[in-house]
Amino acid sequence: MKIYNKSDFFRGLGCLLIAVASGAGGVLLHKGVYMLMALAWAGQAVFNLYRAMHEKRAGESREASARREAAARKLFGKWRLAVELFGVVLVVLSLALAAVLRESGIPVLLMLGGFLYTVAVLNWITDEME
């Protein structure tokens, strides 16, 4: 298979790593929410990897990515990357805290919050694009 869009490919790999870590956390901690989040991140990973390896979708993705980046710059200026990645940072932090705070619900809330934040920000940027 050929990779037509490296950005989507690496984004898909990152989502896949988070999905694997979430799934492992769900198995080790016996938390169903982690398994649900693992499925959500895995779905996002499959979507990104599909776009990266499909020639037509990769071209469409590059065009949409350029428009999305312009809209994000307009909304957030130089803080664009920090705003977009904050949700992912929350998810990674929740996975790290899950090892320490096994009985607490804080890591679960952080993971759910990070995922919902990421979806909300991407929807906001998408609305600004159109």
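What counts, and where the lines are drawn
- All residue numbers here refer to positions counted from 1 along the written sequence of the relevant chain.
- For this predicted model, a pLDDT threshold of at least 70 governs which residues receive local features, and a threshold of 80 or more governs which side-chain atom pairs are given and counted, while totals over whole chains, interfaces and linings are taken from all residues.
- For side-chain calculations, the full set of non-hydrogen atoms in the structure is used, while hydrogens and water are omitted.
- Under the DSSP-based scheme used, a helix requires at least four consecutive residues in state H or I and a strand at least two consecutive residues in state E, with every element numbered from the N terminus.
- Between two residues, a contact is recorded if the distance between any of their heavy atoms is within 4.5 Å.
- Salt bridge, as applied in this entry: a Lys or Arg side-chain nitrogen positioned within 4 Å of an Asp or Glu carboxyl oxygen.
- Whether a residue is buried, partly exposed or exposed follows from its accessible area with a 1.4 Å probe, protein chains only, as a fraction of its type maximum: under 20%, in between, or over 50%, in that order.
- All axes here are fitted lines through C-alpha atoms, helices being fitted over the stretch that makes contact, and every angle between N-to-C directions spans 0 to 180 degrees.
- Any angle that is under 35 degrees is reported as roughly parallel, and any over 145 degrees as roughly antiparallel; angles of 65 to 115 degrees are reported as roughly perpendicular and all others as oblique.
- Polar here means any residue outside two lists: the nonpolar Ala, Val, Leu, Ile, Met, Phe, Trp, Tyr, Cys and Pro, and the charged Asp, Glu, Lys and Arg; Gly therefore counts as polar.

**A closer look at the side chain of Asn-5**
Phase 1: With respect to the helices and strands, the residue Asn-5 is situated in the segment before helix 1 (6–29).
Phase 2: Each residue touching Asn-5, except ones within four places of it in the same chain, is listed here: Ala-52, Ala-58, Ser-61 and Arg-62.

**Focus on the pattern of salt bridges**
Phase 1: Under the defined criterion, the tally for this structure stands at seven salt bridges.
Phase 2: The salt bridge partner of Glu-69 is Arg-73, with a shortest N-O separation of 2.8 Å. Linking Glu-69 with Arg-73, this pair stays in helix 3 (residues 55–76), spanning four residues, or about one helical turn.
Phase 3: Residue class for Glu-69 comes out partly exposed when judged on its relative accessible area of 28%.
Phase 4: Of the charged contacts in the structure, one is a salt bridge between Lys-74 and Glu-128, with a shortest N-O distance of 3.2 Å.

**Looking at the environment of Arg-80**
Phase 1: Structurally, Arg-80 is set in helix 4 (residues 80–100).
Phase 2: Look at Arg-80 and you get buried, because its relative accessible area is 16%.
Phase 3: In this structure the C-alpha to C-alpha distance between Arg-80 and Ala-70, which are 10 residues apart in sequence, comes to 9.9 Å.
Phase 4: For Arg-80, the residues in contact, after removing those within four places along its chain, are Glu-69, Ala-72 and Arg-73.

**Some thoughts on the packing of helix 3 against helix 5 (residues 106–129)**
Phase 1: Running from amino to carboxyl end, helix 3 crosses helix 5 at an angle of 100 degrees, the nearest separation of the two axes being 9 Å. What the angle tells us is that helix 3 and helix 5 run roughly perpendicular. Contacts between helix 3 and helix 5 involve Ala-64, Arg-67, Arg-68, Ala-71, Ala-72, Lys-74, Leu-75 and Phe-76 from the first element and Val-121, Trp-124, Ile-125, Glu-128 and Met-129 from the second.
Phase 2: For the contact of helix 3 with helix 5, the per-class residue count stands at nine nonpolar, no polar and four charged.

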